[in-house]
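Read off the chains here:
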Amino acid sequence: RSEEGAGYDKKGYMYQLKEYLSTIKTYLQNHHPDRAAIFQKAANEFTTTVLAEYDNYTLFTGESMDSKAMIVLCKPSDDGSYLFYYWRDGLKESIA
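Numbering of residues starts from 1 in each chain and follows the order in which that chain's sequence is written. Two thresholds apply to this predicted model, a pLDDT of at least 70 for residue-level local features and 80 or more for giving and counting side-chain atom pairs, whereas whole-chain, interface and lining totals are computed over all residues. Side-chain metrics in this entry use all non-hydrogen atoms of the structure; hydrogen atoms and water are not considered.

Asker: How do you make sense of the pattern of salt bridges when you look at a structure like this?
Answerer: Where charged atoms of side chains with opposite charge meet at close range, the side chains can pair. The rule for a salt bridge is simple: a side-chain nitrogen of Lys or Arg has to be within 4 Å of a carboxyl oxygen of Asp or Glu. As enumerated under the stated definition, the model contains three salt bridges in all. A salt bridge links Asp-89 to Arg-35, with the shortest nitrogen-to-oxygen separation between them at 2.5 Å. In this pair, Asp-89 sits in the segment after β4 (82-85) while Arg-35 sits in helix α2 (residues 33-52), placing the two residues 54 residues apart along the sequence. Judged on exposure class, the residue Asp-89 and its partner Arg-35 are both buried. The shortest N-O distance in the salt bridge between Lys-41 and Glu-45 comes to 2.8 Å. Each helix is a run of DSSP H or I of at least 4 residues and each strand a run of E of at least 2, with the numbering of both proceeding from the N terminus. A simple rule labels every residue: compare its accessible area, found with a 1.4 Å probe on the protein chains alone, to the largest value its type can have, and call it buried under 20%, exposed over 50%, or partly exposed in between.

Asker: Help me understand the pairing of strand β3 (residues 72-76) in this model?
Answerer: Side-chain positions along a regular strand alternate between the two faces of the sheet. The buried count for β3 comes to four of five residues, which makes it a mostly enclosed element. The pairing of strand β2 (residues 58-62) with β3 spans three bridges and is antiparallel. The partner of Leu-59 across the bridge, within β3, is Leu-73. Where β3 meets β4, four bridges bridge the pair, whose relative direction is antiparallel. Bridging across to β4, Lys-75 finds its partner in Leu-83. When DSSP finds at least two bridges between two strands, those strands are taken to pair. Between β3 and β4, which pair antiparallel in sequence order, lie five residues; one of them, Gly-80, sits at a positive phi of approximately 90°.

Asker: Explain the nonpolar core to me, please; I cannot follow it from the model alone.
Answerer: Soluble globular proteins tend to pack their nonpolar side chains together in the buried interior. One finds Tyr-13, Tyr-20, Leu-21, Phe-39, Leu-59, Leu-73 and Trp-87 to be the most contacted residues of the largest nonpolar core, which totals 21 residues. Elements with a minimum of two residues in this core: α1 (10-31), α2, β2 and β3. It is α1 that provides the largest number of residues to this core, a total of six residues. Contacts were defined at the residue level, with two residues in contact if any of their heavy atoms lie within 4.5 Å. Residue contacts for Trp-87: discarding those within four places in its chain leaves Leu-17, Tyr-20, Leu-21, Phe-39, Ala-43, Phe-46, Thr-47 and Met-70. Residues enter a nonpolar core if they are buried and are Ala, Val, Leu, Ile, Met, Phe, Trp, Tyr or Cys, with the set joined through side-chain atoms within 4.5 Å.

Asker: Can you walk me through the side chain of Lys-75 in this structure?
Answerer: Note on placement: Lys-75 falls in strand β3. When sequence neighbours within four positions are dropped, the list of residues in contact with Lys-75 reads Glu-53, Asn-56, Tyr-57, Ser-81, Tyr-82, Leu-83 and Tyr-85.

Asker: Can you walk me through the side chain of Asp-89 in this structure?
Answerer: Judged by its relative accessible area of 18%, Asp-89 is buried. At 2.5 Å, the side chain of Asp-89 and the side chain of Arg-35 are in polar contact. Among residues more than four places away in sequence, those in contact with Asp-89 are Ile-24, Leu-28, Arg-35 and Phe-39. Residues adjacent in sequence count toward polar contacts only when both atoms are side-chain atoms; beyond that, a polar contact is any pair of N or O atoms within 3.5 Å, and within protein one must be able to donate a hydrogen and the other to accept it.

Dropping the structure here:
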């Protein structure tokens, strides 16, 4: 389950995102070093876009409201649907 409105203003989101991305980068450097540089470049580019359009996004967090966890972004598209953005390298596969 997720909770809408993670409670972050732009400055708070930037701080949380910096911490989160640092955690992912460290994990990649230790477990998938071939992905680390690719992730860093893509994360910087996407973060710049998100921050420039911050007010267009809705933020979602897990019901635990863990400040070290991924915040999912949602943005309306031109056709009225919604686009959700996840950090791929921050997802864990779960097999039921």
